[in-house]
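Next come the chains, spelled out residue by residue.
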Amino acid sequence: MRLYRSEQTDPTPFYEFLAKDTLEQLAPYIPVTVEPLQFVDIGGGPGYLSEQVRLQGHRCLVVEYNESQLTLHEREAHGAVIGDGQSLPLRSGFADVVHTSNVLEHVRHPEHLLDELCRVLRPGGVGYMSYTPWLSP
């Protein structure tokens, strides 16, 4: 929470922490393999998570709806495509891990985002979604 207080003026420490924390949460569910895993980060913006995924020896494709999000915070996402999470430009079973954070509350049809997340996961893959429940108590 301390890092969030400076998120608007110095965003990198906050978002790097979130990316590392996300991978720590995923670690028990991701198989240990010598082959790199394929991650997809829906709404991954400038690539904080994809950078951490690559540091662990895996591949990550960022799918971002808004092209301007790919170059936020003086960063640039590498391995990114422009696309809509409600209709992903990826083949079925493409990914070992699909991640999305703070996207669900921004889409017109959340059920389509969930369907797409499941569609692009390979059988036995891991889906991870987090969102901010703005209207919760």
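Conventions used here
- Throughout this document, residue positions are counted from 1 along each chain, in the order its sequence is written.
- This being a predicted model, a pLDDT of at least 70 is required before a residue's local features are given, and a value of 80 or more before pairs of side-chain atoms are given or counted; all residues contribute to the totals for chains, interfaces and linings.
- Hydrogen atoms and water are omitted, and side-chain values are computed over all heavy atoms in the structure.
- The secondary structure listing takes helices from DSSP runs of H or I that are at least 4 residues long and strands from runs of E that are at least 2 residues long, numbered from the N terminus.
- Between buried and exposed lies partly exposed: a residue is buried under 20% and exposed over 50% of the maximum accessible area for its type, with that area taken using a 1.4 Å probe on protein chains only.
- Throughout, a contact is declared for two residues whenever any of their heavy atoms are within 4.5 Å.
- Using a 1.4 Å probe, accessible areas were evaluated by the Shrake-Rupley method; residue-level cover was limited to the displayed protein chains.
- A clockwise path from the first strand over the helix to the second, with the strands pointing away from the viewer, defines a right-handed crossover.
- At least two DSSP bridges between two strands are needed for those strands to be called paired.
- Taking the helix axis as origin, the arc is that swept by the directions to the C-beta atoms.

**Student:** Before we go on, may I ask you to explain the overall build of the protein chain in this structure?
**Tutor:** If you tally the helices and strands in the protein chain, you get three helices and five strands. Along its sequence from the N terminus, the protein chain presents helices and strands in the succession α-β-α-β-β-β-α-β. Buried positions account for 39% of the 137 residues belonging to the protein chain. When contacts within the protein chain are restricted to residue pairs at least 6 apart in sequence, those whose partners lie at least 24 apart make up 57%. Taken as a whole, the protein chain presents about 8400 Å² of accessible surface, with 54% of it coming from carbon and sulfur.

**Student:** Just to check I follow, could you spell out the pairing of strand E2 (residues 59-64) for this structure?
**Tutor:** For a regular strand, side chains alternate in direction, first toward one face of the sheet and then toward the other. Most of E2 sits out of view: five of its six residues are buried. Traced from strand E1 (residues 38-42) through helix H2 (residues 48-55) to E2, the parallel crossover comes out right-handed. In this sheet, strand E3 (residues 80-82) lies alongside E2 in parallel orientation, the contact comprising three bridges. Residue pairing across strands places Val-62 opposite Ala-80, the latter belonging to E3.

**Student:** When you look at H2 in this model, what are you seeing that I'm missing?
**Tutor:** An α-helical turn contains 3.6 residues, so a residue and the one three or four places further along point in the same direction. Listed as buried for H2 are Tyr-48, Leu-49, Ser-50, Gln-52 and Val-53. Taken from the residues just after H2, Gly-57 is the one with a positive phi, measuring 90 degrees.

**Student:** I would appreciate a short explanation of helix H3 (residues 110-120) in the present structure.
**Tutor:** Taken together, the buried positions of H3 are Leu-113, Glu-116, Leu-117 and Val-120. What you see down the axis of H3 is that its buried residues fit within an arc of 105 degrees, all on one side. Those residues of H3 that are exposed and angled more than 90 degrees off the buried face are Asp-115 and Cys-118. Close packing links the buried residues of H3 with E1, strand E4 (95-101) and strand E5 (121-130).

Distances and angles like these do not, on their own, reveal function.
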